[in-house]
Structures are given as structure tokens and as C-alpha cells.
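Descriptive structure summary
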Amino acid sequence: MNTAAEHESATVAGSAMHTVTALIKQEHRTLGIVLQLLQRLLEEASCYGAHRDFALLCATVYYIDDFPERVHHPKEERHLFPVLQRRTRRFDGVLEALRAEHVLSAQRVARIHRDLVHYQAGAPEGLVRLTAGVAAYAELLQGHMRAEERMLGDACSDLTDSDWVEIERGFGADRDPLAADTRQEFRLLRMRILAALPEKMRLDAESTEAMRPAERPNP
Ligand SMILES: [Fe+2]
Ligand SMILES: [Fe+2]
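The text that follows walks through the structure, step by step, so that each part is easy to find. (Residues numbered from 1 in each chain as written. Chains lettered and ligands numbered in written order. Predicted model: local features only at pLDDT ≥ 70, side-chain atom pairs only at ≥ 80, totals over all residues. Heavy atoms only, no water.)

So, the packing of helix α2 (residues 54–87) against helix α5 (residues 161–171)
Convention followed: Note on definitions: angles span 0 to 180 degrees between N-to-C directions of axes, and those axes are lines fitted to C-alpha atoms, for helices only across the stretch in contact. In this text, helices come from DSSP runs of H or I with a minimum length of four residues, and strands from runs of E with a minimum of two, each type numbered from the N-terminal end. Any angle that is under 35 degrees is reported as roughly parallel, and any over 145 degrees as roughly antiparallel; angles of 65 to 115 degrees are reported as roughly perpendicular and all others as oblique. Note on convention: the crossing is left-handed when the near helix lies turned anticlockwise from the far helix by less than a right angle, right-handed when the turn is clockwise. By definition in these notes, contact holds between two residues if any of their heavy atoms fall within 4.5 Å. When residues are sorted by character, Ala, Val, Leu, Ile, Met, Phe, Trp, Tyr, Cys and Pro go into the nonpolar class, Asp, Glu, Lys and Arg into the charged class, and all the rest, Gly among them, into the polar class.
Running from N to C, α2 and α5 cross one another at 165°; their axes reach a closest spacing of 10 Å. Relative to α5, the element α2 is oriented roughly antiparallel. Between α2 and α5 the crossing geometry is right-handed. Contacts between α2 and α5 involve H72, K75, E76, H79, L80, V83, R86 and R87 from the former and D163, E166, I167, G170 and F171 from the latter. Among the residues forming the contact of α2 with α5, the class breakdown is four nonpolar, three polar and six charged.

Quick notes on the coordination of the iron ion (ligand 2)
The cut-off we apply is this: Water is absent from the atoms considered, so a metal site may look incomplete; donors are defined as N, O and S atoms within 2.8 Å of the metal, or 3.2 Å for Na, K and Ca. Think of it this way: with four donors and all angles in the 85 to 135 degree range, the site is tetrahedral; with four or six donors, opposite ones beyond 155 degrees and the rest between 65 and 115, it is square planar or octahedral; otherwise it is irregular. Buried means the residue's accessible area, taken with a 1.4 Å probe over protein chains only, is under 20% of the maximum for its type, while exposed means over 50%, and partly exposed covers the values in between.
The iron ion (ligand 2) binds to the protein through H28 (NE2), H72 (NE2), E76 (OE) and E148 (OE); the donor distances cover 1.9 to 2.2 Å. Angles of 82 to 170° at the metal separate the four donor atoms of the iron ion (ligand 2), which places the site in the irregular class. Mapped onto the sequence, the donors of the iron ion (ligand 2) take the spacing H-x43-H-x3-E-x71-E. A separation of 3.2 Å is found between the iron ion (ligand 2) and the iron ion (ligand 1), both of which receive a donor from E76. With E76 in helix α2 and E148 in helix α4 (residues 126–155), this residue pair connects regions lying 72 residues apart in the sequence. For the pair formed by E76 and E148, the shared burial category is buried.

Observations concerning the coordination of the iron ion (ligand 1)
Reference values for angles at a metal are 109.5 degrees in the four-donor tetrahedral case and 90 or 180 degrees in the six-donor octahedral case. Protein coordination at the iron ion (ligand 1) comes from E76 (OE), H102 (NE2), H144 (NE2) and E148 (OE), with a distance range of 1.9 to 2.2 Å. Seen from the iron ion (ligand 1), its four donor atoms lie at angles of 84 to 170°, and the figure they make is irregular. When the donor residues of the iron ion (ligand 1) are listed from N- to C-terminus, their spacing reads E-x25-H-x41-H-x3-E. Residue classification places H144 among the buried residues on the basis of a relative accessible area of 2%.

Overview of the packing of aromatic side chains
Counted only if it meets this: Each Phe, Tyr or Trp ring, with Trp reduced to its six-membered ring, pairs with another whose centre is within 6.5 Å; inter-plane angles below 30 degrees give stacked pairs, above 60 give edge-to-face pairs, and intermediate values give tilted ones.
Inspection of the entire model under this criterion finds two aromatic pairs. Ring plane angle 40° and centroid distance 5.8 Å describe the contact between F54 and Y119, whose orientation is recorded as tilted. With F54 in helix α2 and Y119 in helix α3 (residues 92–120), this residue pair connects regions lying 65 residues apart in the sequence. Residues Y63 and F67 carry aromatic rings whose centres are separated by 6.4 Å and whose planes lie at 25° to one another, so their mutual orientation is stacked. Of the two residues, Y63 and F67 are both situated in helix α2; the distance of four residues between them amounts to about one turn of the helix.

So, unusual backbone geometry
Its identity is not glycine, yet E125 carries a phi of approximately 65°, on the positive side. Of note, E125 is situated in the loop between α3 and α4. Relative accessible area serves as the criterion here: at 53%, E125 is assigned to the exposed category.

So, in C-alpha cells, the structure goes:
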């Protein structure tokens, strides 16, 4: 029979596994929502022939570069992938592909930045190139996030309780600025994202921790 201490430690580990998987899925979901908004803004610009809210367009690109690219992917490479490879080699091929996609996604975001500046400066075909770059990035990331979540589900039986606690400690340290209420520029982005979303997307967004209206700061 388990002792009280063993039971407590299993509960902490179970909660760490739940926290890590929920956190990764939540960060993916928030990126998905921001990408939908970015693509919708570009569609509107194409329909109306001009961009009505350039600041919001820039804020979405700023967020994608600042959190998913500079924090989320590195957290996976630093805290999740090495722990998985320490326990099993069966995900080596998947991990190699995921690491390569992290490099490729950084290159695609750099291209989006360049195309955004060209579009703002009035370059011919600027909007077409920016829209194509964003579509390529979104397609890459959607497949990438699906592959990571599939691997995470498959890996549950490979990782030990202490592995999950270790991953949680590393992964939970840097929180999504759309969830952590600390940076003014992202508070404004969160409010503007919620205000700009169509009704259906707004309901989806508000069901994630990052976008809950209760956490919305006062304007
Ligand atoms: Fe990733
Ligand atoms: Fe990820």
C-alpha cells in the first residue's frame, strides 16, 4: 500500500504532467488565434485596398516574434526535448524534424518582418508578398503544433514523475505575455485582439486562460 508521502509525490507529478500539457496546448492555441487575426486583417486590407489598423497588424507580428519564436520554441528545446531524449530514442526522428521547423519558422518570421516594412513603405506587391509569407508561416506552425501535441500524448508513458516536475519547473518560468499581465504593450494587444475578433472567434479566445475577460485590464 502507498504511504502518504508516496501518494503526495504522485499527486504532484500528476499535476505537473497536466500543467505542462495544458500550458503547451494553451500557448499553441493563443498563437493560433493571433495568426487567424493576422490573416483576417490582411484579407480586409486586400478587400478594402488599404489597411485600416496598421498598429494592430504590427502588434500581432510583434507578439509572434516576441513570444512564440523567442520564448516558446526555445523553452521546448531547453526543457522538453532533452528530457524526452534522455528517456527514449523513439521520438528522435520527430524531434529532429521539430527542431528543423523551429529554424525554418524563425526564417519565415524574419521574412514577414521584411515584407511588413516593404508593404508599409508602399512597395508594389507588398501586401501580396506579406500575405503569402504569413500563409506559409501559419501552415508550417499549424502542422508543427499538431505534431508536438501528438508527440506529447504519445510520450506520457515514457516520462517519469520527476521528469514532469522538472519540465514544469523550466516551462512554467516564462509565461505567455498575453496571459501574464505584466507588459503594457501586450495588454493593449490582448484587448485589441478581443475587440477585433468576430463573435465566434471571440468566444473561442475567451475560453483560453490567456484571453479571459476577467483578466482584461482597464483601458
Ligand atoms: Fe515547437
Ligand atoms: Fe510548441
